[in-house]
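Below, each chain spelled out in residue letters.
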Amino acid sequence: MSAIPLFPLHTVLYPDGYLPLQIFEVRYLDMVKRCIEHKEDFGVVALVQGDEVRKPDQHETLCAVGTMAHIGEWKAIMPGLMQLRCCGRQRFRIVSAEQLKHGLWMADVSPIEDDMTVPVPSEQQDVADSLGILIQTLQERGIPAGQMPMQAPYRLQEAGWVANRWCELLRLSLSQKQLLLAQENPVLRLELVQDVMVEHGLLN
């Protein structure tokens, strides 16, 4: 990867995560149009300090690890307003970042290796089973596939995929979500998720 545009948000995007966005700021409208035209992705990073919408004299502080976002679908609702459906791809670490005059952040980044495809260990099978039950419950309630908080295919046998979906669903602090995003061992990430779920009484 070389220099990429960044979209700072008060959320953490994980690989294979679903991210719907409404774009109305000029800096991001221009960015999205370029990404669509050139079939490129952009980086999503969490904001440590600052608001998502630019304000005069605002100082923005970015987290060091983010995730590439791929635009799957887009729609121009009206001039100056676009709706996107994005999917998380590869993680990256910011090497250096600069905010341009019109507010867009550009960063030189180094990629983080994708999770190895590791099966869910038997000790953490309850975490995968709980996610499977949640998915089934939402389907039985008639939630359309496009509105599910996690998108198919449901890889319930993969440690990294299961861990990432729970990282999105659980009420964790931004610092906790960032630590889990940066964790390069998918089984350890799943173990940490299991600890949180046990602590909150979400597992037997």
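Before going into details, it helps to say that this report is about the structure given with it.

Basis of the calculations
- Residues numbered from 1 in each chain as written.
- Predicted model: local features only at pLDDT ≥ 70, side-chain atom pairs only at ≥ 80, totals over all residues.
- Heavy atoms only, no water.
- Helix = DSSP H or I, 4+ residues; strand = E, 2+ residues; numbered from the N terminus.
- Buried < 20%, exposed > 50% of the residue type's maximum accessible area, 1.4 Å probe, protein only.
- Contact = heavy atoms within 4.5 Å.
- Phe/Tyr/Trp six-rings, centres within 6.5 Å; stacked < 30°, edge-to-face > 60°.
- Lys NZ or Arg CZ within 6 Å of the ring centre and 35° of its normal.
- Disulfide = S-S within 2.5 Å.
- Expected span 1.5 Å × (residues − 1).
- Arc of directions from axis to C-beta.
- Pairing = 2+ DSSP bridges.

This part covers the overall build of the protein chain. Per the secondary structure count, the protein chain includes five helices and seven strands. Shown N-terminal to C-terminal, the secondary structure of the protein chain runs as helices and strands in the order β-β-α-β-β-β-β-β-α-α-α-α. Relative to its full complement of 204 residues, the protein chain shows a buried share of 44%. Sequence separation of 24 or more characterises 67% of the internal contacts of the protein chain that already satisfy a separation of 6 or more.

Here we take up the packing of aromatic side chains. Taken as a whole and assessed by the stated rule, the structure comprises three aromatic pairs. Consider the rings of Phe 7 and Tyr 28, whose centres lie 4.1 Å apart with planes at 10°: the pair is stacked. Of this pair, Phe 7 sits in strand β1 (residues 3-9) while Tyr 28 is found in helix α1 (residues 26-38), placing the two residues 21 residues apart along the sequence. Of the two residues, Phe 7 and Tyr 28, both sit in the buried class. A connected cluster of aromatic rings, assembled from ring pairs, spans Phe 7, Tyr 28 and Phe 42. For Arg 165, the ring lying beneath its charged end belongs to Trp 161, and the centroid distance is 5.2 Å.

Before going further, it helps to examine the state of the cysteines. This model, assessed by the stated rule, comprises zero disulfides. In this model Cys 35 remains outside any disulfide bridge; the closest cysteine sulfur is found in Cys 86, 9.1 Å from its own. Residue class for Cys 35 comes out buried when judged on its relative accessible area of 3%. Free of any disulfide, Cys 63 has its nearest neighbouring cysteine sulfur in Cys 167, separated by 14 Å.

Let us look at helix α2 (residues 125-140). Counted at 1.5 Å a residue, the expected span for α2 with its 16 residues is 22 Å, and the 22 Å between its end C-alpha atoms agrees. Looking only at α2, the buried set comprises Val 127, Ala 128, Leu 131, Gly 132, Ile 135 and Leu 138. Taken down its axis, α2 places every buried residue within 135° of arc, on the same side. Counted as exposed and oriented over 90 degrees from the buried face of α2: Ile 133 and Glu 140. Considering only its buried residues, α2 is in contact with α3 (159-169) and α5 (186-199).

Along strand β3 (residues 42-49), six of the eight residues are buried, which leaves the element largely enclosed by surrounding structure. Alignment of β1 against β3, held across four bridges, turns out to be parallel. Across the sheet, Leu 6 pairs through a bridge with Gly 43, a residue of β3. The pairing of β3 with strand β5 (residues 65-78) spans three bridges and is classified as antiparallel. Among the inter-strand pairings, Val 44 is bridged to a residue of β5, identified as Thr 67.

With that settled, the discussion passes to helix α4 (residues 174-182). Every α-helical turn comprises 3.6 residues, leaving residues that sit three or four positions apart pointing alike. Turning to α4, its buried residues number three or more, namely Lys 177, Gln 178, Leu 180 and Leu 181. What you see down the axis of α4 is that its buried residues fit within an arc of 165°, all on one side. Buried positions along α4 lie against β3, β5, β6 (81-99), α3 and α5.

Geometrically, the link from Ala 152 to Pro 153 is a cis peptide bond, its omega value of 0° lying close to zero. Its location among the elements puts Pro 153 in the loop between α2 and α3. The phi dihedral of Asp 16 is positive, around 70°, even though this residue is not glycine. Along the polypeptide, Asp 16 turns up in the loop between β1 and β2 (18-23). Note on Asp 16: relative accessible area 28%, which makes it partly exposed. The backbone of Lys 39 shows a phi angle near 55°, a positive value even though the residue is not glycine. Position of Lys 39 among the secondary structure elements: in the loop between α1 and β3. Classification of Lys 39 by relative accessible area gives exposed; the value is 77%.

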